Amino acid sequence: MATKIIFDKPKSMKDVPMHYCPGCGHGVVHRLICEAIDELNLREKAIGVAPVGCAVLAYDYWDFDVSEAAHGRAAAVATGIKRVWPDRLVISYQGDGDLASIGMGETIHTANRGENITVIFINNANYGMTGGQMAPTTLVGQKTPTTPMGREPSSTGFPIKMAELIASFPAVRYSVRTTVADFKGVVQTKMAIKKAFELQMKGEGYTFVEILSNCNTNWEMSPVDANRFILETMVQTFPLGTFKDERYV
Ligand SMILES: Cc1ncc(C[n+]2csc(CCOP(=O)(O)OP(=O)(O)O)c2C)c(N)n1
Ligand code: SF4
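Conventions adopted
- Residues take numbers from 1 onward in each chain, read along the sequence in its written order.
- Labels are handed out in written order, letters beginning with A for the chains and numbers beginning with 1 for the ligands.
- Residues qualify for local features only when their pLDDT is at least 70, as the model is predicted, and side-chain atom pairs are given and counted only at 80 or more; totals for whole chains, interfaces and linings, by contrast, use all residues.
- Computation of side-chain values covers all heavy atoms of the structure but excludes hydrogens and water.
- For each residue, the test is whether any non-hydrogen atom lies within 4 Å of the molecule or strand; if one does, the residue is near.
- Helical segments are the DSSP runs of H or I of at least four residues, strand segments are the runs of E of at least two, and each set is numbered from the N terminus.
- Under the grouping applied here, Gly and all other residues not named as nonpolar or charged are polar, the nonpolar ones being Ala, Val, Leu, Ile, Met, Phe, Trp, Tyr, Cys and Pro and the charged ones Asp, Glu, Lys and Arg.
- For every residue, the predictor states its confidence as a pLDDT score lying anywhere from 0 to 100.
- Burial status follows relative accessibility: with a 1.4 Å probe on protein chains alone, a residue under 20% of its type maximum counts as buried, one over 50% as exposed, and anything between as partly exposed.
- To get an axis, a line is fitted to the C-alpha atoms, and for a helix only the part in contact is used. The angle between two axes follows their N-to-C directions and goes from 0 to 180 degrees.
- The criterion used for residue contact is that any of the two residues' heavy atoms lie within 4.5 Å.
- For the purposes of these results, a polar contact is taken to be a pair of N or O atoms within 3.5 Å, where, inside protein, one atom must be able to donate a hydrogen and its partner to accept one; residues adjacent in sequence count only when each atom of the pair is a side-chain atom.
- In these tables, accessible area is a Shrake-Rupley quantity obtained with a 1.4 Å probe, and a residue counts as shielded only by the protein chains included in the view.

The chain is annotated in an unreviewed UniProt entry as 2-oxoglutarate oxidoreductase from Thermospira aquatica.

Right under this line is the structure:
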């Protein structure tokens, strides 16, 4: 009897165990990126840029070319790669500490220049790798090791809404916020990633996919509770949606 394969590991993904905490969204997003690359037949053209943060070992999981970047500099490295190889699919993968804190300068200027790259932004509201300290995205009142009484805007400001901020730059082609906290969100995230890759390959400009993802370990929640926290609480500060899907320049 012929066997029909209906679900398989993406070819762009290595068959190795991941170091991520069980239930963490990083692994889910890694897979979605690989599925999109396979479906668009871009594996030989893809170049990822891995951040410093929990995803620092992304090159161990993706079976396509990957460069490492110093903390916060992934967008700058991606810019250089894309300018040298404009026909490649260049993906900058970054957490919120990496992208919105130490790397905010690179993030803003790369978007403002409209570099033809795709930035995948994992918003888990803290610095996961180093123990869950406050990030620019930490919610008001959220307790972390550096905000033990809860984030207080009068001393630490408000959560920065990156997808909305990025959308404000004229040269940005596409900016969305999705989540991998539930099945619907996973499907929408896959569609957003795929669309961003397609736009980049057509030369349409800078694309940004912000993804609300849990850090269940540092949030001290079960993976199920952490995903519920995203859907019930985190989305109130970070609404899901498309903030820009338009070509101005
Ligand atoms: C120049 C520099 N400063 C600080 C650090 C320490 N450090 C490593 S990862 C990290 C934050 C990572 O958080 P995030 O970018 O949100 O990614 P996550 O781990 O949550 O995926 C920090 C501050 C470093 N490695 N290099
Ligand atoms: S510390 Fe948080 S972000 Fe890092 S792997 Fe664990 S759950 Fe994921």
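There's more to say after this.
Around ligand 2 sit Tyr 20, Cys 21, Cys 24, His 26, Cys 54, Asn 124, Gly 128, Cys 215, Asn 216, Thr 217 and Asn 218, and that is every residue in its neighbourhood. The element that contributes the greatest number of residues to the shell around ligand 2 is helix H8 (residues 216–219), accounting for three residues. Its residues assigned to classes, the shell around ligand 2 shows five nonpolar, six polar and no charged.

A residue-level look at the chain finds 100% of positions with pLDDT of 70 or above and a mean pLDDT of 97. Ranking the elements of the chain by mean pLDDT puts helix H5 (residues 153–156) last, at 97, and strand S8 (residues 206–212) first, at 99.

Glancing now at the environment of Gly 185. In this structure, Gly 185 sits in helix H7 (residues 183–201). A residue is classified by how much of its surface remains accessible, and Gly 185, at 4% relative accessible area, is buried. Along the backbone, Gly 185 and Ile 211 are 26 residues apart, and their C-alpha atoms lie at a distance of 9.2 Å.

As a packed pair, helix H2 (residues 74–84) and helix H4 (residues 104–113) sit with axes 9 Å apart at the nearest point and diverge in direction by 35°. Between H2, through Ala 75, Ala 76, Thr 79 and Arg 83, and H4, the contact on the second element is made entirely by Glu 106, Thr 110 and Arg 113. Tallied by class, the residues present in the contact of H2 with H4 amount to two nonpolar, two polar and three charged.

Attention shifts here to the site of ligand 1. Around ligand 1 lies a shell of 16 residues, among which His 26, Asp 96, Gly 97, Asp 98 and Gly 128 are the nearest. Within the contact set of ligand 1, an oxygen atom lies 3.0 Å away from a backbone nitrogen or oxygen of Asn 126. Within the backbone of Met 129, a nitrogen or oxygen atom sits 2.9 Å from an oxygen atom of ligand 1. With the chains in place, 72% of the 600 Å² that ligand 1 exposes on its own is no longer accessible. A breakdown of the residues in the shell around ligand 1 according to their chemical character gives five nonpolar, nine polar and two charged.

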